[in-house]
Amino acid sequence: TTKCLDLPGGSTGPGNQLQIWDCSDTDNQKWNINWQSGADEPQKAFIRPNTTPHLVGQKWFTITYVKDSSKCIGVKDGNDKDTTPVAIANCNTGDVSQMWVYNEQSQQIQYRGDLYMCIDLIAGKTGNGNKIDLFHCSKTPNSKWKLGAPVPAQPTPAPPPPTPPPQGSFTGAIMYMGDGGASKK
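Residues numbered from 1 in each chain as written. Predicted model: local features only at pLDDT ≥ 70, side-chain atom pairs only at ≥ 80, totals over all residues. Heavy atoms only, no water.

**Details of the pattern of salt bridges**
- What the rule picks out here adds up to four salt bridges.
- Across the salt bridge formed by aspartate 80 and lysine 81, the nearest N and O atoms sit 3.5 Å from each other.
- For lysine 81, a relative accessible area of 52% gives the class exposed.
- Via salt bridges that share partners, Asp25, Asp27 and Lys30 belong to a single interconnected network. (Salt bridge = Lys/Arg side-chain N within 4 Å of Asp/Glu carboxyl O. Buried < 20%, exposed > 50% of the residue type's maximum accessible area, 1.4 Å probe, protein only.)

**A look at the environment of leucine 5**
- Checked against the element boundaries, leucine 5 lands in strand β1 (residues 3-6).
- With 170 residues separating them in the primary sequence, leucine 5 and methionine 175 have C-alpha atoms 6.3 Å apart. (Helix = DSSP H or I, 4+ residues; strand = E, 2+ residues; numbered from the N terminus.)

**What about the nonpolar core?**
- By size, the foremost hydrophobic cluster in this structure holds 28 residues, and its most contacted members are Trp31 and Trp100.
- The next biggest cluster of nonpolar side chains, apart from the first, holds five residues, and it includes Cys4, Cys23, Ala173 and Met175. (Core = buried A, V, L, I, M, F, W, Y, C linked by side-chain atoms within 4.5 Å.)

As structure tokens, then:
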């Protein structure tokens, strides 16, 4: 079964931690990916000191809930430490805790506040309801996602289309790709 990023119960209360769930055609799994104008500027201010930045100049985006565009996916309390919950929040323009960078090569959604941190499926467990957090980016499958993927039909999902280029905005699911998009329970 293919898994998608899911807003538990569709509840937009700030702090509602995101989870993984079987992909479906429900609003709980529909997100607006909003590429930002002027997003070409280097992100040197957001890169750990004394390291070599690997994504300087990458475009960044926000992710809003399709049913309520005033709600964004963010890092809870702006904390950039391992295991910090990734949760729904009230959107705040300019709040780096709600800004993301997509690395198409590694299929990782990186936190713009620290590009060495990624949206992560806790312990890579694909059972429905497993929570999503922020964790250091690595080559493990826990942090592989496809942006704006159409919600596949169940039980046999179609392969996702190529990721759209980073421009404008688009709506769709955020599909877990840690197992090639064919999660098993």
